[in-house]
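Below, each chain spelled out in residue letters.
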Amino acid sequence: MFSVRADRAATLYIFDALARFQPRKKRIPILMYHGIREADISRQHPYFQTSTTAGIFEEQVRFLHGNGYRSVNVTDLRETEPAERLVSFTFDDGYRDFYTNAFPILNKYGFSATVFLPTAYIGENPGHFNGSRCLTWSEVRELHKAGIEFGSHTVTHPQLRCVSNEQMRVELARSRDDIQENLGDSVYAFAYPYAFPETDPTFVDCVGRALRENGYKTGVTTVIGRATPSQNPFFMRRLPVNSHDDLRLFRSKVEGGYDWLRTVQYLSKLKAARRSTHRHPGAVK
């Protein structure tokens, strides 16, 4: 089941060993999940797949529990002193299989999580996003009472770099308002949809200002790596997880062996940005 892939090979046979010799620093793995469902049968490369089967998810959760990890929600990350092993579970897109498959497993082992909702697809009646059923507000309220944190994933899940600044602010404000109104509680966490355009500092600054102005305190991205105090609190790094992560690779991700890929990811984005500029020299970034 576990395909031979360059990122896994480099992690396990090179960078995993190197990570063990590095000084221990204050780093917390924020795990990025999407759907907890049957394996994706598409031909997409394992690195890009977002589904994790319930069986593999429980295996990962059991591993963390057995190795003394304690979960912390995203909003509490910046105020947490990791005197013990900490991990943060995050789930993007608000799929209902979090309610049916992920939450019972997390609850079984005493873990919590942060779920990010694209609120246009969350209603009193079931909605669908990317062909999958989403949570209803009644299910969101039930999970919230059980200790699950909810954050914004915008309203309609757009690539924010492709909309106007005004529309971006509407997406940030309205989604937070929708969740707060339905939960009767404050919302402080945000997850950036799609690949984070970190090579565009002007845009990144604009998003950061908009998040602060709309009452957010923290946020996560798709940038690979573990969270550290030096990172911008609105754009913390995460570790992608899916069904192709066997326990050996999963452990290495949690313990720092996968952090090297962040440099490769950044250089790839930088190269793509330069190609785009050459093709469209008059384009406004």
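Residues numbered from 1 in each chain as written. Predicted model: local features only at pLDDT ≥ 70, side-chain atom pairs only at ≥ 80, totals over all residues. Heavy atoms only, no water.

Asks: Go over the packing of helix α3 (residues 97-108) against helix α4 (residues 137-145), please, and point to the residues and values.
Replies: A pair of packed helices is captured by two measures, namely the crossing angle of their axes and the spacing between those axes. Running from amino to carboxyl end, α3 crosses α4 at an angle of 20 degrees, the nearest separation of the two axes being 11 Å. The angle between α3 and α4 places the two elements in the roughly parallel class. Two packed elements cross with a definite hand, and for α3 against α4 that hand is left-handed. Between α3 and α4, the contacting residues are F98, Y99 and F103 on the first element and E139, E142 and L143 on the second. When the residues that make up the contact of α3 with α4 are grouped by side-chain class, the tally is four nonpolar, no polar and two charged. (Axes fitted to C-alpha atoms, helices over the stretch in contact; angles between N-to-C directions. Helix = DSSP H or I, 4+ residues; strand = E, 2+ residues; numbered from the N terminus. Parallel < 35°, antiparallel > 145°, perpendicular 65-115°, else oblique. Left-handed = near helix turned anticlockwise from the far one by under 90°. Contact = heavy atoms within 4.5 Å. Nonpolar A, V, L, I, M, F, W, Y, C, P; charged D, E, K, R; others polar.)

Asks: Tell me about helix α5 (residues 165-183), residues and numbers included.
Replies: The end-to-end C-alpha distance of α5, which contains 19 residues, comes to 27 Å, matching closely the 27 Å that a straight helix rising 1.5 Å per residue would cover. Three or more residues of α5 are buried, namely M168, E171, L172, A173, S175, R176, I179, Q180, N182 and L183. On the buried face of α5, the contacting elements are β6 (114-117), α4, β9 (149-152), β10 (189-191) and α6 (201-213). Trailing α5 by a residue or two, G184 shows a phi angle of about 65 degrees, which is positive. (Expected span 1.5 Å × (residues − 1). Buried < 20%, exposed > 50% of the residue type's maximum accessible area, 1.4 Å probe, protein only.)

Asks: Can you tell me about the packing of aromatic side chains, naming the residues and giving the values?
Replies: Taken as a whole, this structure holds 16 aromatic pairs when the rule is applied. A ring pair is formed by Y33 and F91, whose centres lie 5.3 Å apart and whose planes are at 15 degrees; its orientation type is stacked. One end of the pair, Y33, is in strand β1 (residues 30-33); the other, F91, is in strand β5 (residues 86-92), with 58 residues separating them in the sequence. Owing to a relative accessible area of 1%, F91 belongs among the buried residues under this scheme. Plain terms: the ring middles of F57 and F89 are 6.4 Å apart, the flat faces sit at 75 degrees to each other, and that makes the pair edge-to-face. (Phe/Tyr/Trp six-rings, centres within 6.5 Å; stacked < 30°, edge-to-face > 60°.)

Asks: Now, about α4: what can you tell me, with residues and values included?
Replies: Given 3.6 residues per turn, any residue in an α-helix points the same way as the ones three and four places further on. For α4, the full list of buried residues reads W137, E139, V140 and L143. The buried side chains of α4 occupy one side of the element, clustering within an arc of 155 degrees when seen end-on. Where α4 is buried, its residues touch α3, β6, β9 and α5. (Arc of directions from axis to C-beta.)

Asks: An account of the pairing of strand β12 (residues 236-240) is requested, with residue identities and associated values reported.
Replies: Of all the five residues making up β12, four are buried; the element is thus mostly covered by neighbouring parts of the structure. Alignment of β1 against β12, held across two bridges, turns out to be parallel. Residue M32 lies in a different strand from β12, and its bridge partner there is P240. (Pairing = 2+ DSSP bridges.)

Asks: Tell me what's going on with a nonpolar patch on the surface, and back it up with residues and numbers.
Replies: On the surface, Y13, I14 and L18 cluster together to form a nonpolar patch covering roughly 330 Å² of accessible area. The residue Y13 is located in helix α1 (residues 6-21) in this model. (Patch = residues over 30% accessible without salt bridge, like charges linked within 9 Å, V, L, I, M, F, W, Y side chains within 5 Å. Areas by Shrake-Rupley, 256 points an atom, 1.4 Å probe, with all protein chains shown as cover. Salt bridge = Lys/Arg side-chain N within 4 Å of Asp/Glu carboxyl O.)

Asks: How would you sum up the nonpolar core? Please name residues and give values.
Replies: Here is a general trend for soluble globular proteins: nonpolar side chains tend to be buried in one another's company. Membership of the largest hydrophobic core comes to 44 residues, with the highest contact counts inside it found for L31, F57, L64, F89, F91, F98 and F150. Contributions of two or more residues to this core are made by β1, α2 (54-66), β5, α3, β6, α4, α5 and α7 (247-255). No other element matches the five residues that α3 contributes to this core. In contact with F91, other than residues within four places in its own chain, are Y33, H34, I36, F57, F98, A102, L106, A113, T114, V115 and F116. Among the nonpolar cores identified, the runner-up in size contains 16 residues, and M168, F190, F203 and V223 belong to it. (Core = buried A, V, L, I, M, F, W, Y, C linked by side-chain atoms within 4.5 Å.)

Asks: Describe in detail the pairing of β5, supporting the description with residues and values.
Replies: Most of β5 sits inside the fold, with seven of its seven residues counted as buried. One ladder, built from four bridges, connects β1 with β5; its direction is parallel. Among the inter-strand pairings, M32 is bridged to a residue of β5, identified as T90. Across two bridges, strand β4 (residues 70-71) lies against β5 in parallel orientation.

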